[in-house]
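# Topology and contacts: notes
Take a look at the letters that make up each chain.
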Amino acid sequence: MEKITDKIAALPADANYFSLEFFPPKTGMGFSNLRDRLDRMARALRPLFVNVTWGAGGSTAAKSLELAEICQRELSLTTCLHLTCTNMSRRTIDNALEDAKALGIRNILALRGDPPRAAEYQGVNEDPENAIDEGFVWAIDLVKYIKNKYGDYFCIGVATYPEGHADESHPLGQSLEHDLPYLLDKVLAGADFLMTQLFFDTDTYAKFEQRLREHPSGAFKTIPIIPGLMPIQSYQMIKRTTKLSHARIPDGIMARLDAVKKDDEKVKSVGVDILCEIIEQVKEIKSRTPGPKGFHFYTLNLEKAVSFIVERTHLISSTPEEEAVVDDGLLPNIPGLTINGTSLPENHYQDTNYSRRQSTVGSEPRNRVIVSERTLSHPEYEASQADAGVKAGAINTRANTLAISEGEGVLGREATWDDYPNGRWGDARSPAYGEIDGYGPTLHVTQAQAISLWGHPKSLEDINTLFVRHLKGELAAIPWSEEEVHEETGTITDQLIELNRRGLWTVASQPAVDGFRSEDPTFGWGPRHGFIFQKAFVEFFISAAAWRALHEKLTSPEVRSMVTYYATNAAGDFVSSDLSSEVPAPETSGTTDASENGYSMGESSTNAVTWGVFPGKEIVTPTIIEEVSFRAWAEEAFGIFSEWAQVYGKGHESEKLLEAAHADCWLVNIIHHDYMNKEALWNLLLK
């Protein structure tokens, strides 16, 4: 039950410390696996504290508190709970603070959240106690509220932005000078420490910290300023993250990532190098101010990269008296999918001062029968006479656990099996499954930007046009994707445009690929001299009436063996090819239970829709589609639909149109298994 500031104050003046941030996983399996990962990281890395994120508007409240309880109570980790305040009721805020206090949590990161939009979120017949409190507009309002109600019980942190905060009120010319008065007000209101947004430009960070430390008010002279850093997990992830956060990547760093962007293993390897260099530079910057030097890592619920980084930069103390026992035998029963790459090369980042024993011989206490000079029948696991006398060492040491977190040996490969995420197309068993932030459904643009991008649609044809314009490159984003169309998608743009003109609003797709070389400029990825394969798939919103007709086609004898499909609506009704196909077409509404709908459950399928074959490696499957991941994403996809409708305010013509479409539409994903016929899926849908 310690405060972060007390723990920092207790450290030696020249000490280094770090903290780790996690978000609530989207699936139950991911949550279970994160519990094991947190336990491992707590023992191996020993962070000073951990952060647990909170979804905008309280969208992840229950899961955030559940994760915070695991960290604080089960694992005895000093925990800092994020808390936003806009678009929420005072009751929700009070409940969160009371729950945190009951759990023994003494640390809150007070955040604003999305821009206030009470009129859009408020229900017509809302219970007054659940009404959105419009008194919470900025983070300072939450800081003051906590201080007034709880005094000094909570240690309060606030966010700050080395490059300036980008928001609707100041979206372009980010400026620290613009932010400073607001940051000063938060500190004077009672903030105890500052935590920065992620950054990669250390020159900008140096100016930021100097400006704060030398501020004439003196308010920032000694306050802990903890720089936020994000390990680079994949090329697309870091491009998307920096776009959303408006964090600039220096040209030199971007050039290093561009050079390896097709190979996720190399991206992660270069990313570790980059983060280590940034940390050493920030250490030098922070040495200009007395006191311990701290670093905060946005882990994205992954452990391997951050484990390498904190060991290599000596943020964790070496333990020379301990040696890691690394078992390089056959893998036990672990998840059967390799996510976008295999383990980094053994000892690739190993600290030269960190001693590790690379054998398990004699690692378990047992009696052995020794026969002199006998040739071993199974030398890979049978002990020799000399080896049998080696005294068994402790297995569950910190060094062993760190080796596992870094992916070494059998247990390490099992622990970091999901180390190469691909957003929602990864494995739903992974704690990192889903979009990168864990903050819940959001448009990632402000209300003004949304209206500027998408105007005021008045008909379904207007929505068709928005999707078509995005595919043509005339629109920078749609509500479900803030990214431009990828080069690969350009090979099926004509087909996608035709689907959208017909009212099938596509939100994800890929073309079929049959054995393209991994060096191919459009479809290639992974190590050189490999071959890439893809099944075509497409995901789209479709009206209930059109879905009934399409479902009849998908279940016809000549088609059903060649496709897998999943479909759901906002009410939660679900249909898939994993259910018996001898069923009537789905109605527009009804029960979500398959048996009550007359469906008989089949075995739930897992569909690898992208795979690569590379010399000396297992087959790599970075993109999979399965029921559990589809259901988790569908909930978010329909949530985004509602977010878009709320932009226009209740009763607006566009809001009514979008809410009606939201209620009527089904979200459908169709996979065609004939990857050798690149037109098979499109012929099925368009002819």
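Residues numbered from 1 in each chain as written. Predicted model: local features only at pLDDT ≥ 70, side-chain atom pairs only at ≥ 80, totals over all residues. Heavy atoms only, no water.

### Concerning the pairing of strand β1 (residues 16-22)
The element β1 is extensively covered by neighbouring structure, given that six of its seven residues are classed as buried. Handedness of the crossover joining β1 and strand β2 (residues 49-52) through helix α2 (residues 28-45) is recorded here as right-handed. (Buried < 20%, exposed > 50% of the residue type's maximum accessible area, 1.4 Å probe, protein only. Helix = DSSP H or I, 4+ residues; strand = E, 2+ residues; numbered from the N terminus. Right-handed = clockwise from strand over helix to strand, strands pointing away.)

### Brief notes about the packing of aromatic side chains
Scanning the entire structure with this criterion turns up 25 aromatic pairs. Between Phe 516 and Phe 523 the ring centres are 5.0 Å apart and the planes differ by 75°, which places this aromatic pair in the edge-to-face class. A residue is classified by how much of its surface remains accessible, and Phe 516, at 33% relative accessible area, is partly exposed. The ring of Phe 574 has Arg 631 sitting right over it, with the charged end atom 3.9 Å from the ring centre. (Phe/Tyr/Trp six-rings, centres within 6.5 Å; stacked < 30°, edge-to-face > 60°. Lys NZ or Arg CZ within 6 Å of the ring centre and 35° of its normal.)

### Concerning a nonpolar patch on the surface
A surface patch of nonpolar side chains, amounting to about 230 Å² of accessible area, comprises Phe 531, Val 613 and Ile 619. Topologically, Val 613 is positioned in strand β17 (residues 606-613). By relative accessible area, which is 34% here, Val 613 ends up partly exposed. (Patch = residues over 30% accessible without salt bridge, like charges linked within 9 Å, V, L, I, M, F, W, Y side chains within 5 Å. Areas by Shrake-Rupley, 256 points an atom, 1.4 Å probe, with all protein chains shown as cover. Salt bridge = Lys/Arg side-chain N within 4 Å of Asp/Glu carboxyl O.)

### Structural notes on unusual backbone geometry
Here the phi dihedral of Leu 300 falls at roughly 60°; this positive angle occurs in a residue that is not glycine. Relative to the elements of secondary structure, Leu 300 occurs in the loop between β8 (293-298) and α12 (304-312). Residue classification places Leu 300 among the buried positions, given a relative accessible area of 11%. At His 529, a residue that is not glycine, the phi angle is positive and equals roughly 70°. According to the relative accessible area criterion, His 529 is partly exposed, its value standing at 49%.

### With respect to helix α10 (residues 251-258)
Listed in full, the buried residues belonging to α10 are Ile 253, Met 254 and Leu 257. Along α10, the residues classed as buried sweep out an arc of 95° about the axis, all on the same side. (Arc of directions from axis to C-beta.)

### Notes on the sheet that holds β8
Sheet architecture is closed into a barrel: eight strands sit in the order β1-β2-β3-β4-β5-β6-β7-β8, paired in parallel fashion. With strand direction ignored, the average angle separating the axes of adjacent strands in the sheet is 25°. Bridging between β1 and β2 involves four bridges; their strand directions are parallel. By the bridge assignment for β2, Phe 22 is matched with Val 52. Where helix α4 (residues 90-102) meets the sheet, its contacts fall on β3 (79-83) and β4 (107-110), and the angle it forms with β3 comes to roughly 180°. (Pairing = 2+ DSSP bridges. Axes fitted to C-alpha atoms, helices over the stretch in contact; angles between N-to-C directions. Contact = heavy atoms within 4.5 Å.)

### Re the pattern of salt bridges
Where side chains of opposite charge bring their charged atoms close, a pairing between them can arise. Scanning all chains against the criterion turns up 21 salt bridges. Residues Arg 35 and Glu 74 are paired through a salt bridge, measuring 2.8 Å at the closest nitrogen-oxygen approach. Here Arg 35 is found in helix α2, whereas its partner Glu 74 is found in helix α3 (residues 61-74), with 39 residues between them in sequence. Taking the relative accessible area as the measure of exposure, Arg 35 reaches 24% and is therefore partly exposed. Between Glu 303 and Arg 40 there is a salt bridge; the shortest N-O distance is 2.5 Å. Note that Glu 303 is positioned in the loop between β8 and α12 and Arg 40 in helix α2, a separation of 263 residues in sequence. Connected through salt bridges with shared partners, the residues Arg 37, Arg 40 and Glu 303 form a single ionic network.

### With respect to helix α11 (residues 264-286)
End to end, α11 covers 32 Å across 23 residues, agreeing with the expected 33 Å (1.5 Å per residue, within 8%). Measuring from the side-chain oxygen of the N-cap residue of α11 to the backbone nitrogen of Glu 265 gives 3.1 Å; that N-cap residue is Asp 263. (Expected span 1.5 Å × (residues − 1). Polar contact = N/O pair within 3.5 Å; in protein donor to acceptor, adjacent residues only side chain to side chain.)

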